[in-house]
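The lines below spell out each chain.
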Amino acid sequence: MEKYGQIPKRFTAAWWDYIWYYYKWHILGTLFALSLIGITAVQCANKIDYDIVVTYIGEAYCGEEARSALEADMAAKVGDINQNEKEEVFFQPIILSAAGQQPTDPQYEMAMQTKMNLELQAGEAMLFCFSPERANALMATDAFDGYFVPVSEWAKAPLRPEQEVEGRANGYMACIKENTYFEPLGFVSGDIYLAVRVLRADEQKEKKIDFYNQRMNASIELANQLLQIQ
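Computed from a predicted model, the values in this text were never measured in an experiment.

Analysis parameters
- Residues numbered from 1 in each chain as written.
- Predicted model: local features only at pLDDT ≥ 70, side-chain atom pairs only at ≥ 80, totals over all residues.
- Heavy atoms only, no water.
- Phe/Tyr/Trp six-rings, centres within 6.5 Å; stacked < 30°, edge-to-face > 60°.
- Helix = DSSP H or I, 4+ residues; strand = E, 2+ residues; numbered from the N terminus.
- Buried < 20%, exposed > 50% of the residue type's maximum accessible area, 1.4 Å probe, protein only.
- Contact = heavy atoms within 4.5 Å.

Undergrad: Account for the packing of aromatic side chains, with residues named and values stated.
TA: Evaluated as defined, the whole model comprises 12 aromatic pairs. Measuring from centroid to centroid gives 5.2 Å for Y50 and F90, while their planes differ by 25 degrees, and the two rings are stacked. Of the two residues, Y50 is situated in the loop between α1 (13-45) and β1 (52-58) and F90 in strand β2 (residues 89-95); the sequence distance between them amounts to 40 residues. By relative accessible area, which is 23% here, Y50 ends up partly exposed. Centroid distance F144 to Y147: 5.2 Å. Interplanar angle 85 degrees. Geometry classified as edge-to-face. Aromatic ring contacts, followed pair by pair, group Y56, F91, Y181, F182 and F187 into a single cluster.

Below is the structure:
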(Lines give C-alpha, C1' and ligand atoms only; values in the text may rest on other atoms or scores of the structure.)
Protein backbone atom coordinates (compact mmCIF):
# COMPACT_ATOMS: atom_id res chain seq x y z
CA MET A 1 0.00 0.00 0.00
CA GLU A 2 1.37 3.41 -0.95
CA LYS A 3 2.19 5.67 2.01
CA TYR A 4 1.24 9.33 2.34
CA GLY A 5 3.01 11.55 4.90
CA GLN A 6 3.64 10.39 8.44
CA ILE A 7 1.55 7.42 9.51
CA PRO A 8 0.04 7.67 13.02
CA LYS A 9 0.26 4.84 15.49
CA ARG A 10 -1.85 1.93 14.31
CA PHE A 11 -5.43 1.52 15.48
CA THR A 12 -5.59 4.93 17.11
CA ALA A 13 -8.26 7.48 16.23
CA ALA A 14 -5.68 9.43 14.25
CA TRP A 15 -4.69 6.28 12.35
CA TRP A 16 -8.31 5.54 11.37
CA ASP A 17 -8.73 9.13 10.21
CA TYR A 18 -5.54 8.80 8.18
CA ILE A 19 -6.65 5.52 6.55
CA TRP A 20 -10.07 6.89 5.64
CA TYR A 21 -8.70 10.16 4.29
CA TYR A 22 -6.10 8.60 2.01
CA TYR A 23 -7.62 5.22 1.19
CA LYS A 24 -11.38 5.63 1.32
CA TRP A 25 -11.81 5.04 -2.45
CA HIS A 26 -9.71 1.87 -2.23
CA ILE A 27 -11.88 0.71 0.68
CA LEU A 28 -15.16 1.59 -1.00
CA GLY A 29 -14.05 -0.08 -4.24
CA THR A 30 -13.11 -3.25 -2.37
CA LEU A 31 -16.41 -3.30 -0.47
CA PHE A 32 -18.32 -2.78 -3.72
CA ALA A 33 -16.46 -5.66 -5.39
CA LEU A 34 -17.13 -7.92 -2.39
CA SER A 35 -20.81 -7.00 -2.41
CA LEU A 36 -21.05 -7.93 -6.10
CA ILE A 37 -19.38 -11.26 -5.39
CA GLY A 38 -21.81 -11.87 -2.52
CA ILE A 39 -24.86 -10.96 -4.62
CA THR A 40 -23.68 -13.21 -7.46
CA ALA A 41 -23.11 -16.10 -5.05
CA VAL A 42 -26.60 -15.73 -3.59
CA GLN A 43 -28.15 -15.53 -7.06
CA CYS A 44 -26.32 -18.68 -8.15
CA ALA A 45 -27.34 -20.51 -4.99
CA ASN A 46 -31.00 -19.52 -5.47
CA LYS A 47 -31.10 -19.85 -9.25
CA ILE A 48 -34.16 -21.71 -10.51
CA ASP A 49 -33.61 -24.21 -13.28
CA TYR A 50 -36.53 -23.21 -15.50
CA ASP A 51 -37.84 -25.62 -18.12
CA ILE A 52 -38.13 -22.75 -20.61
CA VAL A 53 -38.06 -18.95 -20.65
CA VAL A 54 -40.67 -16.91 -22.53
CA THR A 55 -40.00 -13.21 -23.14
CA TYR A 56 -42.59 -10.55 -23.90
CA ILE A 57 -41.37 -7.34 -25.54
CA GLY A 58 -43.96 -4.62 -25.95
CA GLU A 59 -45.85 -1.71 -24.44
CA ALA A 60 -48.44 -3.49 -22.27
CA TYR A 61 -47.97 -3.68 -18.50
CA CYS A 62 -47.87 -7.15 -16.97
CA GLY A 63 -48.48 -7.22 -13.21
CA GLU A 64 -47.17 -9.88 -10.84
CA GLU A 65 -50.55 -11.61 -10.54
CA ALA A 66 -50.89 -11.95 -14.31
CA ARG A 67 -47.29 -13.02 -14.63
CA SER A 68 -47.71 -15.75 -12.03
CA ALA A 69 -50.89 -16.97 -13.75
CA LEU A 70 -49.12 -17.10 -17.11
CA GLU A 71 -46.14 -18.95 -15.67
CA ALA A 72 -48.35 -21.54 -13.99
CA ASP A 73 -50.45 -22.13 -17.10
CA MET A 74 -47.44 -22.31 -19.43
CA ALA A 75 -45.62 -24.65 -17.05
CA ALA A 76 -48.59 -27.03 -17.08
CA LYS A 77 -48.52 -27.00 -20.88
CA VAL A 78 -44.74 -27.50 -21.13
CA GLY A 79 -44.24 -30.10 -18.40
CA ASP A 80 -41.04 -31.09 -16.62
CA ILE A 81 -38.64 -31.19 -19.56
CA ASN A 82 -35.46 -30.93 -17.48
CA GLN A 83 -36.63 -33.79 -15.24
CA ASN A 84 -36.04 -32.04 -11.92
CA GLU A 85 -39.53 -32.98 -10.70
CA LYS A 86 -40.73 -29.37 -11.07
CA GLU A 87 -42.71 -27.67 -13.82
CA GLU A 88 -41.40 -24.10 -14.02
CA VAL A 89 -41.56 -21.49 -16.76
CA PHE A 90 -40.16 -17.98 -16.45
CA PHE A 91 -42.31 -15.36 -18.19
CA GLN A 92 -40.17 -12.25 -18.64
CA PRO A 93 -41.91 -8.98 -19.57
CA ILE A 94 -39.75 -6.23 -21.08
CA ILE A 95 -42.01 -3.18 -21.20
CA LEU A 96 -41.14 -0.24 -23.43
CA SER A 97 -42.80 3.03 -24.35
CA ALA A 98 -44.83 3.22 -27.55
CA ALA A 99 -43.18 4.90 -30.53
CA GLY A 100 -43.47 8.69 -30.32
CA GLN A 101 -44.46 8.55 -26.65
CA GLN A 102 -42.28 10.41 -24.17
CA PRO A 103 -41.02 7.94 -21.53
CA THR A 104 -42.16 8.82 -18.01
CA ASP A 105 -38.80 7.57 -16.74
CA PRO A 106 -35.97 7.87 -19.29
CA GLN A 107 -33.57 5.86 -17.11
CA TYR A 108 -36.05 2.98 -16.85
CA GLU A 109 -36.63 3.13 -20.60
CA MET A 110 -32.88 2.94 -21.25
CA ALA A 111 -32.58 0.02 -18.84
CA MET A 112 -35.39 -1.84 -20.62
CA GLN A 113 -33.82 -1.14 -24.02
CA THR A 114 -30.52 -2.56 -22.75
CA LYS A 115 -32.29 -5.57 -21.25
CA MET A 116 -34.09 -6.21 -24.55
CA ASN A 117 -30.83 -6.09 -26.51
CA LEU A 118 -29.09 -8.43 -24.07
CA GLU A 119 -32.00 -10.88 -24.11
CA LEU A 120 -32.10 -10.95 -27.89
CA GLN A 121 -28.33 -11.37 -28.17
CA ALA A 122 -27.55 -13.76 -25.33
CA GLY A 123 -30.69 -14.56 -23.32
CA GLU A 124 -32.25 -17.89 -22.42
CA ALA A 125 -35.61 -17.31 -24.09
CA MET A 126 -36.36 -19.20 -27.28
CA LEU A 127 -40.02 -18.23 -27.51
CA PHE A 128 -40.75 -14.52 -27.89
CA CYS A 129 -44.06 -12.67 -27.64
CA PHE A 130 -43.92 -9.28 -29.35
CA SER A 131 -46.37 -6.45 -29.65
CA PRO A 132 -46.96 -5.74 -33.37
CA GLU A 133 -45.15 -2.40 -33.03
CA ARG A 134 -42.03 -3.97 -31.53
CA ALA A 135 -42.06 -6.87 -33.97
CA ASN A 136 -42.18 -4.59 -36.99
CA ALA A 137 -39.51 -2.27 -35.58
CA LEU A 138 -37.24 -5.22 -34.93
CA MET A 139 -37.72 -6.80 -38.32
CA ALA A 140 -37.23 -3.47 -40.09
CA THR A 141 -33.49 -3.80 -39.44
CA ASP A 142 -31.20 -6.25 -41.22
CA ALA A 143 -29.59 -7.19 -37.90
CA PHE A 144 -32.19 -9.90 -37.30
CA ASP A 145 -32.09 -11.58 -40.69
CA GLY A 146 -31.89 -15.31 -39.97
CA TYR A 147 -32.54 -14.78 -36.24
CA PHE A 148 -35.99 -16.39 -36.14
CA VAL A 149 -37.07 -19.82 -37.31
CA PRO A 150 -39.54 -19.60 -40.24
CA VAL A 151 -43.06 -20.32 -39.03
CA SER A 152 -43.39 -23.01 -41.71
CA GLU A 153 -40.68 -24.98 -39.90
CA TRP A 154 -42.33 -25.04 -36.48
CA ALA A 155 -46.09 -24.55 -36.91
CA LYS A 156 -47.88 -27.90 -36.94
CA ALA A 157 -50.79 -26.57 -39.01
CA PRO A 158 -51.11 -23.85 -41.65
CA LEU A 159 -51.83 -20.46 -40.13
CA ARG A 160 -55.39 -19.21 -40.27
CA PRO A 161 -55.85 -15.86 -42.05
CA GLU A 162 -56.14 -13.98 -38.74
CA GLN A 163 -52.83 -15.51 -37.61
CA GLU A 164 -50.88 -14.16 -40.57
CA VAL A 165 -48.78 -11.06 -39.97
CA GLU A 166 -47.86 -8.30 -42.37
CA GLY A 167 -44.56 -6.67 -43.29
CA ARG A 168 -41.11 -8.19 -42.85
CA ALA A 169 -42.30 -10.25 -39.89
CA ASN A 170 -44.45 -12.26 -42.29
CA GLY A 171 -43.22 -15.83 -42.45
CA TYR A 172 -41.26 -15.53 -39.18
CA MET A 173 -44.02 -14.66 -36.70
CA ALA A 174 -47.58 -15.75 -36.07
CA CYS A 175 -50.33 -13.68 -34.47
CA ILE A 176 -52.50 -14.52 -31.50
CA LYS A 177 -55.37 -12.26 -32.43
CA GLU A 178 -57.05 -9.99 -29.87
CA ASN A 179 -55.35 -11.62 -26.92
CA THR A 180 -57.34 -14.86 -26.91
CA TYR A 181 -54.82 -16.52 -24.60
CA PHE A 182 -53.25 -13.76 -22.49
CA GLU A 183 -56.24 -11.62 -21.50
CA PRO A 184 -58.19 -14.35 -19.66
CA LEU A 185 -55.06 -14.81 -17.50
CA GLY A 186 -54.92 -11.11 -16.65
CA PHE A 187 -52.46 -9.78 -19.22
CA VAL A 188 -54.23 -7.26 -21.47
CA SER A 189 -51.73 -6.89 -24.27
CA GLY A 190 -53.65 -6.69 -27.55
CA ASP A 191 -52.41 -8.77 -30.49
CA ILE A 192 -49.31 -10.84 -29.81
CA TYR A 193 -46.78 -11.94 -32.42
CA LEU A 194 -45.12 -15.26 -31.57
CA ALA A 195 -41.58 -16.02 -32.76
CA VAL A 196 -39.09 -18.82 -32.13
CA ARG A 197 -35.42 -17.95 -32.40
CA VAL A 198 -32.77 -20.20 -33.87
CA LEU A 199 -30.16 -21.89 -31.68
CA ARG A 200 -27.02 -19.81 -31.24
CA ALA A 201 -23.59 -21.27 -32.01
CA ASP A 202 -22.72 -21.58 -28.31
CA GLU A 203 -25.89 -23.63 -27.75
CA GLN A 204 -24.97 -26.12 -30.46
CA LYS A 205 -21.81 -27.37 -28.80
CA GLU A 206 -21.69 -31.10 -28.20
CA LYS A 207 -22.15 -30.92 -24.42
CA LYS A 208 -25.11 -28.50 -24.66
CA ILE A 209 -26.98 -29.43 -27.80
CA ASP A 210 -29.29 -32.01 -26.21
CA PHE A 211 -30.37 -29.63 -23.44
CA TYR A 212 -31.05 -26.75 -25.80
CA ASN A 213 -32.83 -28.98 -28.29
CA GLN A 214 -35.18 -29.99 -25.47
CA ARG A 215 -35.84 -26.34 -24.69
CA MET A 216 -36.37 -25.57 -28.36
CA ASN A 217 -38.85 -28.43 -28.80
CA ALA A 218 -40.74 -27.40 -25.65
CA SER A 219 -40.88 -23.77 -26.82
CA ILE A 220 -42.23 -24.86 -30.20
CA GLU A 221 -44.81 -27.12 -28.57
CA LEU A 222 -46.01 -24.24 -26.37
CA ALA A 223 -46.21 -21.89 -29.37
CA ASN A 224 -48.38 -24.42 -31.21
CA GLN A 225 -50.66 -24.84 -28.22
CA LEU A 226 -51.12 -21.06 -27.98
CA LEU A 227 -51.98 -20.83 -31.67
CA GLN A 228 -54.69 -23.45 -31.24
CA ILE A 229 -56.54 -21.33 -28.68
CA GLN A 230 -59.41 -19.44 -30.31
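Undergrad: Residue-level account of the environment of G171, with values.
TA: Tracing the chain through its elements places G171 in the loop between α5 (151-154) and β4 (174-176). In this structure G171 comes out as partly exposed when scored by relative accessible area, which is 34%. Each C-alpha atom of the pair G171 and F148 lies 9.6 Å from the other, and the pair is 23 residues apart in sequence.

Undergrad: I'd love a proper account of the side chain of Q163, names of residues and values included.
TA: Relative to the helices and strands, Q163 resides in the loop between α5 and β4. Not counting residues up to four positions away in its chain, the partners in contact with Q163 are A174, C175 and L227.

Undergrad: Before we move on, could you go through the environment of Q214 and cite the residues and values that matter?
TA: Tracing the chain through its elements places Q214 in helix α6 (residues 209-228). Taking C-alpha positions, Q214 is 8.0 Å from N82, a pair spaced 132 residues apart along the chain.

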